[in-house]
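A closer look at the structure
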Amino acid sequence: MGSVAGKTVFITGGARGVGAEVARRLHGKGARLVLTDLDAAPLTELAEMLGSDRVHTILADVRDLGAMESAAANAVDRFGGIDIVMANAGIATYGSVLQVDPEAFQTLLDVNVMGVFHTVRATLPSVLDRRGYVLIVSSLAAYAAAPGLAPYNATKAAVEHFANALRLEVAHRGVDVGSAHMSWIDTPLVRDIKADLSTFGEMLSKLPFPLNKTTSVEACGEAFVSGIEHRSRRVNCPAWVGALRWLKPLLSTPVGERQVAKFVPGLLPRMDAEVAALGRSMSSRTTELEKQ
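Structure report, in brief. (Residues numbered from 1 in each chain as written. Predicted model: local features only at pLDDT ≥ 70, side-chain atom pairs only at ≥ 80, totals over all residues. Heavy atoms only, no water.)

Description of the overall build of the protein
- Broken down by element type, the protein carries 11 helices and nine strands.
- The C-alpha radius of gyration of the protein comes to 19 Å, within 12% of the 19 Å expected for a compact globule of 292 residues.
- The principal-axis extents of the C-alpha atoms in the protein amount to approximately 55 × 40 × 30 Å.
- When burial is assessed residue by residue, the protein has 52% of its 292 residues classed as buried. (Helix = DSSP H or I, 4+ residues; strand = E, 2+ residues; numbered from the N terminus. Rg over C-alpha atoms; globule rule 2.2 N^0.38 Å. Buried < 20%, exposed > 50% of the residue type's maximum accessible area, 1.4 Å probe, protein only.)

Structure representation (structure tokens):
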């Protein structure tokens with residue numbers, strides 16, 4: 001196991017949820033942190049809680065390559081280099097392929113896919129110099145599809161394969177690359193969807209065990225930190241998610257889809273009706289940040 005003490009860790013989406021939990025845990029182990037986000041208030045609150053000596057926060061949009069390059073340069077200026085990158089920033093959309101707002105889908109692609117590319121592109125030169133580690137935050141959604149979440153599923157499958165290709169490109173230069181795959185985690189993202197759509201909670205309850213279970217942010221943070229310390233190829237939370245990678249070919253067969261297919265005809269139209277009533281295909285928090 002490698003120590004993170006004295007290492008500089010660059011985390012996008014670091015203000016809340018898993019990003020903030022990982023930041024707190026790494027800080028407790030002696031790491032130096034560069035945290036980026038668009039949500040200024042919780043980012044400032046986290047920095048004040050941790051203290052400024054080993055924490056540098058930057059308001060930056062992962063959709064903007066120039067902003068990420070500037071953030072990476074600031075990290076190098078402040079701490080001398082970047083050892084570890086966690087490309088964590090991500091959002092979700094609501095509704096079926098016929099219902100989801102196309103502009104929201106584009107925003108999702110820009111944040112979840114282009115944001116990962118921009119983060120890696122901006123930080124990789126320093127990570128190569130330090131023979132460091134990159135963790136791309138994907139999801140269980142890269143292995144198993146869910147109705148009403150097709151855009152999200154697509155982005156998480158994309159960044160998993162991005163991580164696989166990146167690994168091949170940089171392994172000979174001493175850099176390790178991992179992808180993280182989580183089931184439902186009790187993050188603000190998941191709580192926002194539950195608050196907006198009663199049908200989302202209903203869908204979760206109808207999924208086969210253990211896909212219907214929600215895991216704490218604390219357990220996810222512990223798994224991520226362990227993965228970072230071990231420079232793991234894959235981080236699974238809970239651990240059983242790793243089995244779905246091997247079952248992936250089965251999950252998209254009629255046998256694998258049978259249980260979910262049973263409830264889609266009754267549930268999906270009601271989910272789309274809720275989305276239509278909301279008048280938006282993203283959480284209110286994401287929508288407000290888009291207006292800034």
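So, the pattern of salt bridges
- The final tally for this structure, using the stated rule, is 12 salt bridges.
- With a closest N to O distance of 2.8 Å, Arg 25 and Glu 21 form a salt bridge. Separated by four residues within a single helix, Arg 25 and Glu 21 lie in helix 1 (residues 17-28), roughly one turn from each other.
- On the basis of relative accessibility, which here comes to 9%, the residue Glu 21 falls in the buried class.
- Put simply, Asp 176 and Arg 231 hold a salt bridge, and the shortest N to O gap is 2.6 Å. Note that Asp 176 is positioned in strand 6 (residues 176-182) and Arg 231 in the loop between helix 8 (217-230) and strand 9 (234-237), a separation of 55 residues in sequence.
- Using a relative accessible area of 32% as the deciding quantity, one classes Asp 176 as partly exposed.
- We classify Arg 231 as partly exposed; its relative accessible area is 30%.
- Connected via shared salt-bridge partners are Glu 21, Arg 24 and Arg 25. (Salt bridge = Lys/Arg side-chain N within 4 Å of Asp/Glu carboxyl O.)

Considerations on helix 9 (residues 241-251)
- Three or more residues of helix 9 are buried, namely Val 241, Gly 242 and Leu 244. Along helix 9, the residues classed as buried sweep out an arc of 140° about the axis, all on the same side. Exposed residues on helix 9 whose side chains face more than 90 degrees from its buried face are Trp 246 and Pro 249.
- Close packing links the buried residues of helix 9 with strand 6 and strand 9. (Arc of directions from axis to C-beta. Contact = heavy atoms within 4.5 Å.)

Focus: empty space enclosed by the protein
- Overall, the coordinates contain one cavity of 30 Å³ or more when judged by the stated rule.
- Considering only enclosed or pocket space, the largest cavity measures out at about 80 Å³ in volume.
- Lining the largest cavity we find Gly 90, Ile 91, Ala 92, Tyr 94, Leu 189, Asp 192, Ile 193, Ser 283, Arg 285 and Thr 286.
- Listing elements by their share of the lining of the largest cavity, those giving two or more residues are helix 6 (188-196) and helix 11 (284-291).
- In terms of residues, the lining of the largest cavity owes the most to one element, helix 6, which gives three residues.
- Here the residues of the lining of the largest cavity are counted per class, giving five nonpolar, three polar and two charged. (1 Å grid on protein atoms, 1.4 Å probe; cavity = no way out; pocket = protein on both sides within 12 Å on 5 of 7 lines; lining within 4 Å. Points joined across faces, edges and corners; volume = space filled by probe spheres on them. Nonpolar A, V, L, I, M, F, W, Y, C, P; charged D, E, K, R; others polar.)

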